[in-house]
Each structure stands twice: as structure tokens, then as C-alpha cells.
Amino acid sequence: MRLDRFISSQLPDVSRRDVKKLCLKGRLTVNGKRAARSDMHIDEHSDSVALDGTEIIYREHIYIMLNKPQGVVCATRDGLSKTVLELIPPELRRRGLFPAGRLDKDTEGFVLITDDGDFAHRMLSPSHHVEKTYFVRLRDPWESSYTNTFSEGFDDDEGGRWRAARFEGSQNDPCECLLTLTEGRYHQVKRMFAQLGNKVEFLKRISIGEMELDPTLPSGGCLEILHKDVDKLLASKTL
């Protein structure tokens, strides 16, 4: 890979033209030696590239866990509200980032931010049945019948049918529960409970696949998911 392509792919604020200037100023090194030309070829997997002495670690793709707060939209840009991309810290930013899936503006919790379109497609594809679990606070106490109703699936409000889901009522609070889905339709959790005569007062996604939202991650906080753990996002049990 050319050095200028390598740098610009890993540092979103640095263009290929900027790389040429960095070389002229002696700020870039490859394997400890000053990089004389921006078009020199390197092995992105084995060569050590540094800017001002700080090594740039090559990542073909990046995967970020975001704890989305209320009031932020899952979009790459929005003319009215803050987007999830605006919450990404500088050290994790790169070209092509997008939210893999959506959470409503008033819903909190786990959103995956990545630049890997193929992976996002696999995770979001209905055929993969990736589970997503939500913490739900209801207006009215949940009923014991909810467990069977959700596990069997039931007719939706558009003439179709909701896929089977897993309901777990809290033993500490009659208005709190967990709901695990394998589909992600528009306002789905709210619409499902509305059909049962109840209303969602608070909603937070707490896991995707077998990866749980880090409980120490503050609202609006981000952390990079290690590549060895990424496949946990695709793992699911059978409902």
C-alpha cells in the first residue's frame, strides 16, 4: 500500500496531499527511518509507520461501541439534531463511519459504529436472526401472559406478524422487563407493547448478539471493540 493511502485511511483529517507535506517536514517515519516520499510502498501489516514519533496502527476496519444518549439521532448527518458520529472521539474517527442499525431518538443504549459495510449487512440481515436485548420500563405492570405471547409471536398492526421474541419480567419491579428480538422494525418494541395495551416509558438497548453494553461506559461514551471480539455481535441463541 502507498504510504499516503495508508495514512489517509487511518487518519481522517489527513489528506494524501497532507502526507506529502508531512514527509517534506520529516514528521513521518517508516521502520524508524525518515519517509522521503509519500508515494513509497509499505506493508501495512508489518511495517512500523509513525507520525511525530507516535506509531499508527493499521486497522482495515474499525468497530465502536457507543452508549447512545437520548436526543441523539442514528444518522451520519442531520440538520436539526446531534448525530451519533458527533460523539466519536478524534482518536477513533475515520472516513466512512456509519451507525449499523438504528435506535429511536428517545431510545438509549448500544449502537455499533463501523466502516465495515459487509459486516453491518450480515449483522442487520433478517436471515441471520441476530438477537438484540432491550431494557424496558412500562407504564403499567407487565402481565404473566406476556411470556407466552411474545414467545409465540403475534399479529402486528400492519396485517403481518411479529417474529417470536423473549420476554423476561423483572422480579424487583413490576413495570420493568427485558425483551429480546431478532428483527428490527420501525418503533418495534413500542408498537409491540402498545398492541398489548401497555406503553413503553423508557427503552435502552443493552446487548447485540452475545456482546453486552459495557456497564462502565457512560452515556455518550465510546470504546473500540477488539477484532477478536467482533464475531460476538453476530452470535445468537434460537428464540
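Throughout what follows, the structure given in this document is the object of discussion. (Residues numbered from 1 in each chain as written. Predicted model: local features only at pLDDT ≥ 70, side-chain atom pairs only at ≥ 80, totals over all residues. Heavy atoms only, no water.)

## With respect to the side chain of Thr114
Now for step 1: Structurally, the position occupied by Thr114 is in strand β7 (residues 108–114).
Now for step 2: A polar side-chain atom of Thr114 sits 3.1 Å from the main-chain amide nitrogen of Asp116.
Now for step 3: For Thr114, the residues in contact, after removing those within four places along its chain, are Ile62, Tyr63, Gly96, Leu97, Phe98, Ala100 and Ala120. (Helix = DSSP H or I, 4+ residues; strand = E, 2+ residues; numbered from the N terminus. Polar contact = N/O pair within 3.5 Å; in protein donor to acceptor, adjacent residues only side chain to side chain. Contact = heavy atoms within 4.5 Å.)

## Looking at the sheet that holds strand β2 (residues 33–34)
Now for step 1: Taking strand neighbours across the sheet as the criterion, the four strands line up as β2-β1-β3-β4 in an open arrangement whose pairing is antiparallel. Edge strands, defined here as strands with exactly one partner in the open sheet, are β2 and β4 (54–55).
Now for step 2: As paired strands, strand β3 (residues 49–51) and β4 are joined by two bridges and run antiparallel to one another. Looking at β4, one finds that Ala50 is bridged to Glu55.
Now for step 3: Docked against the sheet, helix α2 (residues 16–24) engages β1 (28–30), β2 and β3, running at close to 85° with respect to β1. (Pairing = 2+ DSSP bridges. Axes fitted to C-alpha atoms, helices over the stretch in contact; angles between N-to-C directions.)

## Some words on the pairing of strand β8 (residues 132–138)
A regular strand places its side chains so that they alternate between the two faces of the sheet.
Now for step 1: For β8, the tally of buried residues reaches six of seven residues, placing the bulk of the element in the interior.
Now for step 2: Bridging between β8 and strand β10 (residues 176–181) involves six bridges; their strand directions are antiparallel. When the sheet's bridge partners are listed, Arg137 is paired in β10 with Glu176.
Now for step 3: Strand direction decides the pairing type here: β8 and strand β11 (residues 200–208), joined by seven bridges, are antiparallel. (Buried < 20%, exposed > 50% of the residue type's maximum accessible area, 1.4 Å probe, protein only.)

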